[in-house]
Each structure stands twice: as structure tokens, then as C-alpha cells.
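Remarks on the overall topology
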Amino acid sequence: MKKLFVVADLAFDSLSCAEIKIAVEGFLKDSTTLDITFVGSTPSTIHTSFLLNQLVEDVERYGRPLETVIFQNTDPRIHSRQSIEKAEGAKPVIMRLKSGIHLLGPNSGYDFSMIKSRIEELYVYRGLNEKGQFHSRDLYSRISAHLMDYLEDELELEEISTNIIPELDELYIGHIDNFGNIKTTIVEEDFKGKYEYGEIVGLKINQIVKKAKYVRNLFGGIPGELVVYPGSSGKKDNRFLEISIWRHFTEGKPTTGVDEFNFPKIGSVIELIKGH
């Protein structure tokens, strides 16, 4: 049986996680060796996309792609501004990446944008009843179980183009960790030829403009200094940049990156301001 990762904006709620686990167990041939991990997102599809990308990166680098299924369920119904009959969600898709990982979930906003280049095959599943409130439990648990049990060939899938998945069109906050470090969708290559280590970068987030020093890592400046640096996420040779402040956490008020920009939402746009 394959292991399952569930990335969802409901994964911080213990009852929701338990209900999904119960439903998946019920559809499996043998649930005695079930291996399921929940990763909490926010309702931002950019956040979910960032989390998916990092999980895929880690599984492909350290894990077992052929033994992994990832189910995401972030669907804030951004496809409509009108009342939605029977809570119909974004179109459900199933995909196999070039590494062999299977993913599934609603194609809402940017959910799959950051792993788009890794997709080998993308499908829609016409046999899925798309109407229902708790899609993650009632609609996707059976498909997750089928993929975990190597039964994907029994699903009536229709291959489609990856063109239905949008490209990221700006620079964003992809994630904020428990220390308040801002993980961005900016990669090291974006700074090549524009900034050198030690130079000052102007950043605008949440309508706040700040100056940050471009350094090699979080501890490349001095304590208390706002810095931007290659972080711990992304590809080894092209990491995502992070924005934060090195703190000893002995300070009276140890502010970090998230404090400097007045606690922006994950998914907020980041602007690089020239002349700073």
C-alpha cells in the first residue's frame, strides 16, 4: 500500500482529519498498515501550491515517489461569485508526476501551479460526483484509497492538457513558518545579475516598504537586521528566498519577518522595489 499525504486548509482541525482517515480506511483493501500524514494549509491556493511543491521535492529527493500519493483539498470556490448549487467545487483532477508520484484534488486557482512542470500525465475523472459540502471526505477518499491500492487502472480517466493549470504570474509569500520567517516564491535565479550578496533589496509587502540585506543565509547579517536569503525550501541549486530577522529570542520583543510587514497573509504579493 502507498502512503498518503493530505494537504488541506481543513487539516488543522482534528475532527476533519479523523473523518478523512476513517473514510480512506473504509475504502482500502487492508487498512492495517495505513500511513497517512496531514499537512495544514490556509485557504490560499498559493500556499497549498507551495506546500505541495515542497512535499514533492522532499519525496523525490529522500523518499519513495512510486509509493506516494498526495491529496490536496484547498478549494475556496473562487470559480464563482454567485451562489453555488450543492456546493459544487473546482474540477477534480488526478495526475502522475514524472517521478511516479500520484496527486489528486480540485484544480482551484494556483493549487498545482508550482508542480506543473513535473507533471507527466493529467486526467479528469468523470465518475466523481462533484456535488457535496465535505469533498475531501465524501468524494476524494475513495479515489485516494484506489491510488494507494494501485488500482488507478480501474478508474475511468480522461487525459487532458496541463494548460488548464495556470502559471504563477507574480512573486508571492508561499509560506510562513512557526518562527515568522517569510518563505517566498522568489528563487535564487531571480536575483542573479540583479543583486549581489551584501546589497540592499527594496521589498514591498502588505503595502509596507522595507530595506533588506541580501545575504547567504539567515545568520549572514547581524542580529536584528532584516535580511533576504536562500532558505531551506525548493531545489538544492535554486532555493526559494526567505525574508526574516536573526533573533536570539532573548529579546523583549523578538520580531521577525512577519512582524516587519504587519503580519501579511500567505499568498500576498511581493514587489521588488528598485532604487533602495
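Residues numbered from 1 in each chain as written. Predicted model: local features only at pLDDT ≥ 70, side-chain atom pairs only at ≥ 80, totals over all residues. Heavy atoms only, no water.

1. Thoughts on the packing of aromatic side chains
Across all of its chains, the model carries eight aromatic pairs by this definition. Consider the rings of Phe71 and Tyr140, whose centres lie 5.2 Å apart with planes at 35 degrees: the pair is tilted. Note that Phe71 is positioned in strand 3 (residues 68-73) and Tyr140 in the loop between helix 3 (135-138) and helix 4 (141-148), a separation of 69 residues in sequence. For Phe71, a relative accessible area of 1% translates into the label buried. For Tyr140, a relative accessible area of 2% gives the class buried. Here the aromatic rings of Phe219 and Trp246 are separated by 5.5 Å at their centres, their planes lie at 90 degrees, and the arrangement is edge-to-face. One end of the pair, Phe219, is in the loop between strand 11 (208-214) and strand 12 (226-235); the other, Trp246, is in the loop between strand 13 (238-245) and helix 6 (257-260), with 27 residues separating them in the sequence. Judged by relative accessible area, Phe219 falls into the exposed class, the value being 53%. Joined through ring pairs, the aromatic side chains of Phe191, Tyr195, Tyr197 and Tyr214 make up one cluster. (Phe/Tyr/Trp six-rings, centres within 6.5 Å; stacked < 30°, edge-to-face > 60°. Helix = DSSP H or I, 4+ residues; strand = E, 2+ residues; numbered from the N terminus. Buried < 20%, exposed > 50% of the residue type's maximum accessible area, 1.4 Å probe, protein only.)

2. What to know about the pattern of salt bridges
Scanning all chains against the criterion turns up ten salt bridges. The salt bridge involving Glu121 is made with Arg96; its shortest N-O contact spans 3.3 Å. Taken as a pair, Glu121 in strand 6 (residues 119-125) and Arg96 in strand 4 (residues 92-97) lie far apart in primary sequence, 25 residues in all. A salt bridge links Lys213 to Glu225; the nearest nitrogen and oxygen atoms lie 3.4 Å apart. Taken together, the residues Lys213 in strand 11 and Glu225 in the loop between strand 11 and strand 12 connect sequence positions twelve residues apart. Residue Lys213 is classed as partly exposed on the basis of its relative accessible area, which comes to 26%. Residues joined by salt bridges that share partners form a network here, namely Glu57, Glu60, Arg61 and Arg118. (Salt bridge = Lys/Arg side-chain N within 4 Å of Asp/Glu carboxyl O.)

3. Side note on helix 4
Most of helix 4 sits inside the fold, with seven of its eight residues counted as buried. Downstream of helix 4 by one or two residues, Tyr150 has phi in the positive range, about 65 degrees.

4. Some words on the pairing of strand 11
For strand 10 (residues 200-205) and strand 11, the ladder comprises six bridges, and the chain directions are antiparallel. The residue bridging Ile205 from the neighbouring strand is Ile208, located in strand 11. The hairpin formed by strand 10 and strand 11 contains two residues between the paired strands, and Asn206 there has a positive phi angle of roughly 60 degrees. Bridging between strand 11 and strand 12 involves two bridges; their strand directions are parallel. Within strand 12, the position partnered with Lys213 by the bridge is Val227. (Pairing = 2+ DSSP bridges.)

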